[in-house]
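Secondary and tertiary structure notes
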Amino acid sequence: MIMDFVKFTINGKEVEVQAGISIIDAAEQAGIDIPRLCYDKDLSPVGACRLCVVEVKGARSLVPSCVSPVTPGMVVETHSPAVIKARRKVLDLLISNHPLDCLTCEKAGDCKLADYCYEYGVKESSFEGERHNYAIEESNPFIVRDLNKCIQCGQCIRACDEWTGIHNLNFAYRGFDNKPSTFDDLPYVESECVFCGNCVSVCPTGALTERQMKHKGRRWEMKKVKTTCPFCGTGCNFDLNVKDGKVVGVTANRASAVNGRSLCVKGHFGWDFVHDERRLTTPLIKKDGEFLPASWDEALDLIATRFKGIKDQYGADAFAALSSARCTNEENYLVQKFTRAVMGTNSVDHCART
Amino acid sequence: MAGLATTFGSGAMTNSINEIPDAEMLFLIGTNTTEAHPVIGYKMRRAKRKGAKLVVVDPRRTELAEIADYWLRLKPGTDIPLLNGIMHVIIREGLHDQDFIKERTENFEALEETVKNYTPESVSVLTGVPVNDIYAVARLYATTDKAMLFYTLGITEHVCGTDNVMSVANLAMLTGHLGRPGTGVNPIRGQNNVQGACDMGALPNVFSGYQKVIDPAAREKFEKAWRVSLPESPGLMIADMIEKAHAGELKAMYILGENPVLTDPNSNHVRLGLENLEFLVVQELFLTETAEYADVILPAASFAETDGTFTSTERRVQRVRKAIEPLPGMANWQVIIELSKRMGYPMDYTSPEEVWTEMASLTPSLAGVSYHRLEAKGVQWPCPNSEHPGTPVLHTGSFTRGKGYFQGIDHIPPGELPDQEYPLLLSTGRILYHYNVTTPYSAGIQSMWPEEASELNPDDAARLGVETGDKVKVASRRGECVTNILVTDRVPPGMLWMSFHYKNSPANALTSAALDPVTKTGEYKVCAVKVEKIQEVGTCGGYM
Ligand code: SF4
Ligand code: SF4
Ligand code: SF4
Ligand code: FES
């Protein structure tokens, strides 16, 4: 592939980037982070929030860097006083209508709005304004929707449309009442929603959160362990969020080879079987038709004795093993090795051949 | 996957998931991708939006069928005549890729000979698909450069599943849609690690990497590595295991993480077989229907409690990472080691990584894969050495077996068709919200979608006097169960559609005992049933 390159100057440094890319992406390549609330590399750019504005020499006003391509010879300042002032104003306006209840917000520590307010020193709003008073939607088991915290970035709308391909959301109402909404403004449960939670994964604020993670701890206390989904053959990756030795949630991980941050309802919200109280935790031995708890030693000794006895009495082919298309490769390898090398038969199979 | 192995010498998805958004045509046969493999389904929707043509072959009006350019609503079990009809048109109109056929394949004459008889007109009668659609889809597929074929359960879970798969492969070879990005024959595999379970040799005829147990050289290699002598003859497939258990020849079984009573067709037969064993060990997360038959139940550790790897449907080996301590105190790999030790065969692994390393050293197609290399994005096999980048597209230069092998395949009607006594055709499949054994234990998922709703066409519903929400008794020649009804024209008249996820409506108590003679896959898709409205809410059971 032949690529065209252009040269431009950013914060006094000349750099060369691929032609046609946006200033925000070019800056990133040059190691400069421009703040953003409505832009995400994996979604189409809309230029709505104006937090990403930069100064371009010769332009009459500040330009939103997420929707402006780099042109040859362009001279850009990403953190000039004018730019900083403009960004402060954007943030100031956003929080004028934002419940500043960060003390109890589930997203605290993982909120872009708070991060940027911190970075730009915006503590409280200088605007006196009307406030929203939307009811918090908790009528489904997966997603909590608190649109009082919504900053109308529209990322949820685009993730639903462009990743999931459902188009369950769109902006509704005008002006102050503008918000992302399902068709007819119905709660998610009554809408076309498939509960993939992709809207949650992109939401920069506490407007959309995982219900299973509610009151389970602060985001910074959670250890993230990247793993592979156990629910279908697609091979999506995600992060298990762990606190105090328990899984408390699943969050998307951008560095996933197959799925990026897209997930489905099973991968995103089906993990809670792990801590279901019906999990078996101790070996059980059947005595007179009843299962009685036993120690690992008791159970394994009994199995070894019986397997050995049956092999001695009837031969190796009186034994067979079923391995599992849900278990790991290593477990499967060991089951077939055990069957072949220890029991002496090739009778090992698994249930699903599909 | 025996079908693909015969044709190409390898039974896995030939291409990769992330080629989908850039494909120009997606040809889906019997796969309800948006529900069974949702994130692959997302990518298909994206391709369609970008202008790809979409062809869906399915008796049921699935979500993708609704947005398809061509939805071929064939009669269940008639995939082969449909595919033969499409190939008939392609050959007759000279749209086949003659260079590809000459250079890369053999036995083309056999295919030509067979499909000659399948005129679009006669195929239309057999399948119910309009003649014009057969022509249109044949031309579209043959003339589109980047066209990907997909199939799943719908096509492999038939008596003639193996033949169906070979027919799909025939079609791709005929038009040269192989060995390039955006093409290929792509079986999307159901369970998360069914590919890996096969790759690891959890099959009665092969060691890891499909090295045959009857091959003396392979056996010798494993004998040396494992320091034992190994059995020469292939073992039993699951269906044969159940048979031998019935016959009293199989005495003991160890079942790890499977629930054949719920997931196998004809579950009553399975119950009886398990009951007949002298000693059954089941290792599971939950007290499943199968575990009830055990003499000893061992608690299993979940995916969150162990290190390891899964291999996805696109042959991508990826890491599973331990997030929490195993709830039962031991991970499954440790349990097998402990058991082995007690039986006088110590296995001295201290981690799953060591198990992997041993396996890779004995398995040419995975020899280049180490945990270290899997860290970022995983690796797609074959990957024969540590410098090899992995293989996103199979069969680029030649097929695994050398030349692709065409086979003429004739129509085999389903093993059991509706008749006067059992007038409806039962078909089963997967729905979005559930996944075999684990999701019913997810509180959220269970609370949203707690019960089976079986789909029935409005015509049949009117005749039987049932409405959405009614409970009905469904009976086949093998068993019966109770289910809720959803009246919808998603299903054609004459069909009842159920999923196999709910234990209160065990659809597999009903399904057919007919098996594909090669893979012994149960015929989940087609069986005859009758439906009766009931007033009382009852529980389910099979005829014992
Ligand atoms: S959960 Fe998924 S389908 Fe539902 S609104 Fe969010 S993105 Fe759309
Ligand atoms: S809900 Fe979140 S993602 Fe959606 S518009 Fe509001 S802030 Fe943005
Ligand atoms: S997240 Fe959904 S699509 Fe992805 S692997 Fe898991 S079950 Fe499959
Ligand atoms: S990030 Fe550029 S306008 Fe919002």
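Parameters and conventions
Residues numbered from 1 in each chain as written. Chains lettered and ligands numbered in written order. Predicted model: local features only at pLDDT ≥ 70, side-chain atom pairs only at ≥ 80, totals over all residues. Heavy atoms only, no water. Helix = DSSP H or I, 4+ residues; strand = E, 2+ residues; numbered from the N terminus. Rg over C-alpha atoms; globule rule 2.2 N^0.38 Å. Buried < 20%, exposed > 50% of the residue type's maximum accessible area, 1.4 Å probe, protein only. Contact = heavy atoms within 4.5 Å. Lys, Arg positive; Asp, Glu negative; His and termini not counted. Charge placed at Lys NZ, Arg CZ, Asp CG, Glu CD. Near = heavy atom within 4 Å. Nonpolar A, V, L, I, M, F, W, Y, C, P; charged D, E, K, R; others polar. pLDDT = per-residue confidence, 0-100. Pairing = 2+ DSSP bridges. Axes fitted to C-alpha atoms, helices over the stretch in contact; angles between N-to-C directions. Parallel < 35°, antiparallel > 145°, perpendicular 65-115°, else oblique. Left-handed = near helix turned anticlockwise from the far one by under 90°. Polar contact = N/O pair within 3.5 Å; in protein donor to acceptor, adjacent residues only side chain to side chain.

**With respect to the overall build of chain A**
A tally of regular secondary structure across chain A gives 8 helices and 16 strands. Rg of the C-alpha trace for chain A: 27 Å, well past the compact-globule value of 20 Å for 354 residues, more than 25% over. Its C-alpha atoms put chain A at 90 × 55 × 35 Å along the principal axes. Within the span of chain A, comprising 354 residues, buried residues form 60% of the whole. By sequence separation, contacts in chain A at least 24 residues apart represent 57% of the contacts at least 6 residues apart. Separation between the mean location of the 44 positive side-chain charges and that of the 46 negative ones in chain A comes to 2 Å.

**Re the site of ligand 2**
Around ligand 2 sit Cys150(A), Ile151(A), Gln152(A), Cys153(A), Gly154(A), Cys156(A), Pro180(A), Cys203(A), Pro204(A), Thr205(A), Ala207(A) and Leu208(A), and that is every residue in its neighbourhood. Residues of the shell around ligand 2, tallied by class, amount to 9 nonpolar, 3 polar and no charged.

**Some thoughts on the confidence of the model for chain A**
Averaged over chain A, the pLDDT score is 94; the fraction of residues at 70 or greater is 99%. For chain A, the element scoring lowest by mean pLDDT is strand 16 (residues 348-350) of chain A, at 91; helix 5 (residues 198-202) of chain A scores highest, at 98.

**Structural notes on the site of ligand 3**
With respect to spatial proximity, the complete set of residues near ligand 3 consists of Cys229(A), Phe231(A), Cys232(A), Thr234(A), Gly235(A), Cys236(A), Leu263(A), Cys264(A), Lys266(A), Gly267(A), Pro38(B) and Val39(B). What surrounds ligand 3 is not a single chain but chains A and B. Elements represented by at least two residues in the shell around ligand 3 include exactly helix 6 (265-269) of chain A together with helix 3 (38-49) of chain B.

**Quick word on the sheet that holds strand 15 (residues 319-323) of chain A**
Reading across from one edge, 14(A)-13(A)-9(B)-8(B)-7(B)-15(A)-16(A) is the order of the 7 strands in this open sheet, with mixed pairing throughout. For this open sheet the edge positions go to strand 14 (290-293) and strand 16 of chain A, each flanked by a neighbour on one side alone. Pairwise comparison of adjacent strand axes, ignoring direction, gives a mean angle of 20° for this sheet. For strand 15 of chain A and strand 16 of chain A, the ladder comprises 3 bridges, and the chain directions are parallel. What sits directly across from Leu322(A), in strand 16 of chain A, is Asp349(A). Sheet contacts for helix 7 (residues 296-314) of chain A: strand 13 (284-287) and strand 15 of chain A together with strand 7 (252-256), strand 8 (279-284) and strand 9 (296-299) of chain B; angle to strand 9 of chain B, the most-contacted strand, approximately 130°.

**Thoughts on the environment of Asp459(B)**
By the secondary structure assignment, Asp459(B) is in helix 21 (residues 458-464). C-alpha of Asp459(B) to C-alpha of Val531(B): the two residues are 72 residues apart in sequence and 14 Å apart in space.

**Remarks on the packing of helix 5 (residues 79-92) of chain B against helix 8 (residues 120-127) of chain B**
Residue and element names in this part refer to chain B. It is the contact of helix 5 with helix 8, at a shortest axis distance of 9 Å, that shows an interaxial angle of 165°. With respect to helix 8, the axis of helix 5 lies roughly antiparallel. The two elements helix 5 and helix 8 meet at a crossing, and its hand is left-handed. Contacts between helix 5 and helix 8 involve Pro81, Leu82, Gly85, His88, Val89 and Arg92 from the first element and Pro120, Val123, Leu126 and Thr127 from the second. Broken down by class, the residue content of the contact of helix 5 with helix 8 amounts to 6 nonpolar, 3 polar and 1 charged.

**Here we look at the side chain of Thr488(B)**
Residues and elements named next belong to chain B. Structurally, Thr488 can be placed in the loop between strand 17 (479-487) and strand 18 (495-499). For Thr488, a relative accessible area of 12% corresponds to the buried category. Beyond its immediate sequence surroundings of up to four residues, Thr488 is in contact with Glu455, Leu456, Asn457 and Pro458.

**What about the environment of Ser361(B)?**
Residue and element names in this part refer to chain B. Inspection of the secondary structure puts Ser361 in helix 18 (residues 352-362). Sequence-wise, Ser361 and Ala225 are 136 residues apart; in three dimensions their C-alpha atoms are separated by 9.6 Å. Separated by 2.6 Å, the side chain of Ser361 and the backbone oxygen of Glu358 make a polar contact.

**Some words on the side chain of His37(B)**
If you trace the backbone, His37(B) turns up in the loop between helix 2 (33-36) and helix 3. Judged by its relative accessible area of 1%, His37(B) is buried. Residues within four places of His37(B) in sequence aside, it is in contact with Cys232(A), Gly233(A), Thr234(A), Thr152(B), Ile188(B), Arg189(B) and Gly190(B).

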